[in-house]
Amino acid sequence: MKIIVDQDKCVASGQCVTAADTVFDQRDEDGIVVLLTDNPSPELAADVHQAAAVCPALAIVVED
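An unreviewed UniProt entry lists the protein under the name Ferredoxin, from Kribbella sandramycini. The heading Cofactor (unreviewed entry) in the UniProt record of the protein holds the text "[3Fe-4S] cluster".

Visitor: Honestly, empty space enclosed by the protein in this entry has me stumped. Any pointers?
Guide: Remark: the empty space left among the atoms is shown by a probe the size of a water molecule rolled over them. In the structure shown here, the tally under the stated rule is one cavity of 30 Å³ or more. The volume enclosed by the largest cavity comes to roughly 100 Å³. As for the largest cavity, its lining consists of 15 residues, of which Cys-10, Ser-13, Gly-14, Cys-16 and Cys-55 are closest to the centre. Taken together, the residues of the lining of the largest cavity sort by class into ten nonpolar, five polar and no charged.

Visitor: I keep staring at a negative patch on the surface and nothing clicks. Help me out?
Guide: Judged by side-chain charge, Asp-21, Asp-25, Asp-28 and Asp-47 come together as a negatively charged surface patch. Examined against the element boundaries, Asp-21 turns out to sit in the loop between helix H1 (15-19) and strand S2 (24-26). The class of Asp-21 is exposed, set by a relative accessible area of 55%.

Visitor: How should the pattern of salt bridges be read in this particular structure?
Guide: Side-chain pairing between opposite charges can occur once the charged atoms of the two side chains come close. Counted by the stated rule, this structure contains two salt bridges. Put simply, Glu-29 and Arg-27 hold a salt bridge, and the shortest N to O gap is 3.6 Å. On the accessibility criterion, Glu-29 (66% relative accessible area) is exposed. Residue classification places Arg-27 among the partly exposed positions, given a relative accessible area of 28%. Sharing partners across several salt bridges, the network here consists of Arg-27, Glu-29 and Asp-30.

Scoring rules and cut-offs
Residues numbered from 1 in each chain as written. Predicted model: local features only at pLDDT ≥ 70, side-chain atom pairs only at ≥ 80, totals over all residues. Heavy atoms only, no water. UniProt positions renumbered as here; feature names shortened; annotations may be inferred. 1 Å grid on protein atoms, 1.4 Å probe; cavity = no way out; pocket = protein on both sides within 12 Å on 5 of 7 lines; lining within 4 Å. Points joined across faces, edges and corners; volume = space filled by probe spheres on them. Nonpolar A, V, L, I, M, F, W, Y, C, P; charged D, E, K, R; others polar. Patch = residues over 30% accessible without salt bridge, like charges linked within 9 Å, V, L, I, M, F, W, Y side chains within 5 Å. Areas by Shrake-Rupley, 256 points an atom, 1.4 Å probe, with all protein chains shown as cover. Salt bridge = Lys/Arg side-chain N within 4 Å of Asp/Glu carboxyl O. Lys, Arg positive; Asp, Glu negative; His and termini not counted. Charge placed at Lys NZ, Arg CZ, Asp CG, Glu CD. Helix = DSSP H or I, 4+ residues; strand = E, 2+ residues; numbered from the N terminus. Buried < 20%, exposed > 50% of the residue type's maximum accessible area, 1.4 Å probe, protein only.

Below you can see the structure in the form of C-alpha cells.
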C-alpha cells in the first residue's frame, strides 16, 4: 500500500488524523496534513482507507 497526499488540496479538517493517527498528522501552523509514513503496515490498511474516504477535499490517494 502506498499513500499520496496533496497538501495543496488539504482543507485541514483533521479527519485523516482521527481515522489513522499513526499515519497522518497536521502541521501546527495551519493544520495541513502531514504524512508520517507513505508505506504503513498492512494492519493499518482499513484505517488508511477510511481516512481517504472521509477526507472532504479528497487530498489522500491510497494505492494498494
